[in-house]
Amino acid sequence: MNYSGIGRNDVCPCGSGLKYKKCCMLNSEAVNTNKVDAKLIELYQRKYRIKLKTKTDIAGIRMCGKLVVDTLNKVRDFIRPGITTNDINTLVHNYTIENGAIPAPLNYRGFPKSVCTSLNEVICHGIPSDRILISGDIINIDVTSILNGYYADANMTFLVGECSENAKKIVSVARQSLKEGLGMVKPFNTVGDIGWAIQNYAEPLGFSVVRDFIGHGVGINFHEPPDIPHFGKKGTGITLIPGMVFTVEPMVNAGQRYLKVLADGWTAITLDGSLSAQFEQTVVVTEDGYESLTPYEL
Ligand code: MF3
Ligand code: CO
Ligand code: CO
């Protein structure tokens, strides 16, 4: 698959089977994903600053998401004891550029690298370094790319070599937490339902859910409205409607939910030193549920 820009004579990425120039290129702003009417589109923009995505937007984010997932799969094949997190950064950076995309983290609000690599007690925003991976580590790799102006954001946590039962358990709880959250994504559910489902799953198992970092709208920019907390109450918050694109990315700790950010201004670690794990996907709300734009098996 190539990730180059959409040409006028290419098949339209919206799935119509028509040429792009006869389809979404003509009406990229007029065509919405869905049957959401103009008043509601306007209301979400005005009230929540949420830009509902057009079919063309969604096709672009989907194409970017395919690259993001391919990148994560490359990282999975590459990870082993003995490599450094800088080696992972090099792989992600080069693969992104080779495919005509830009690594979104690089220079984002001063972030110095092209990917986040978060080891063990690091919750998120770990900075690649000369740290060597050792057997028993768990590591989250968070990839965001910009392809043809569209952003997609996803992450996975990997086991390095032979890991403890505790390490395996938190990775599996984090994976299932994302699945629980995504299970709530459908029209007329609310943002609060997503967080509630995650909290209601992870906390009874003795894990905590981080509150200081949350999911977010994405697509035209790296971080857009709405906020998607991974905790909350059923039926509260913004109502989900087709065309909304956002991440769900619960961070789950083995100990307490509290964190501190290191002096580098980025690395967030658990305050109690306990393990933390995370999975993230970018999704679009559809007529009857959601479609992952960064699909991988959970
Ligand atoms: N990808 C992260 C997220 O899921 C954000 C990383 S910001 C960076 O929102 F600057 F650290 F890259
Ligand atoms: Co994100
Ligand atoms: Co991310």
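Further up the page is the structure itself.
Residues numbered from 1 in each chain as written. Chains lettered and ligands numbered in written order. Predicted model: local features only at pLDDT ≥ 70, side-chain atom pairs only at ≥ 80, totals over all residues.

Remarks on the packing of helix 3 (residues 55-78) against helix 4 (residues 85-98)
Then comes step 1: As a packed pair, helix 3 and helix 4 sit with axes 10 Å apart at the nearest point and diverge in direction by 145°. Classified by chirality, the crossing of helix 4 by helix 3 is right-handed. Contacts between helix 3 and helix 4 involve Thr71, Lys74, Val75 and Phe78 from the first element and Ile88, Leu91, Val92, Tyr95 and Thr96 from the second.
Then comes step 2: Across the contact of helix 3 with helix 4, the residue classes break down as 6 nonpolar, 2 polar and 1 charged. (Axes fitted to C-alpha atoms, helices over the stretch in contact; angles between N-to-C directions. Helix = DSSP H or I, 4+ residues; strand = E, 2+ residues; numbered from the N terminus. Left-handed = near helix turned anticlockwise from the far one by under 90°. Contact = placed C-beta atoms within 7 Å. Nonpolar A, V, L, I, M, F, W, Y, C, P; charged D, E, K, R; others polar.)

So, the nonpolar core
Then comes step 1: With 78 residues, the main nonpolar core has Cys64 and Ile170 as its most contacted residues.
Then comes step 2: With residues near it in sequence (within four places) discarded, Ile170 still touches Phe207, Val252, Ala254, Leu275 and Ala277. (Core = buried A, V, L, I, M, F, W, Y, C linked by C-beta atoms within 7 Å. Buried ≥ 20, exposed ≤ 12 C-beta atoms within 10 Å, placed from the backbone.)

Some details on the sheet that holds strand 10 (residues 251-253)
Then comes step 1: Pairing is antiparallel in the open sheet, where 3 strands are placed in the order 6-10-13. The sheet is open, and its two edges are formed by strand 6 (208-209) and strand 13 (276-278), each paired on a single side.
Then comes step 2: The pairing of strand 10 with strand 13 spans 3 bridges and is classified as antiparallel. Paired with Val252 across the strands is Ala277, a residue of strand 13. (Pairing = 2+ DSSP bridges.)

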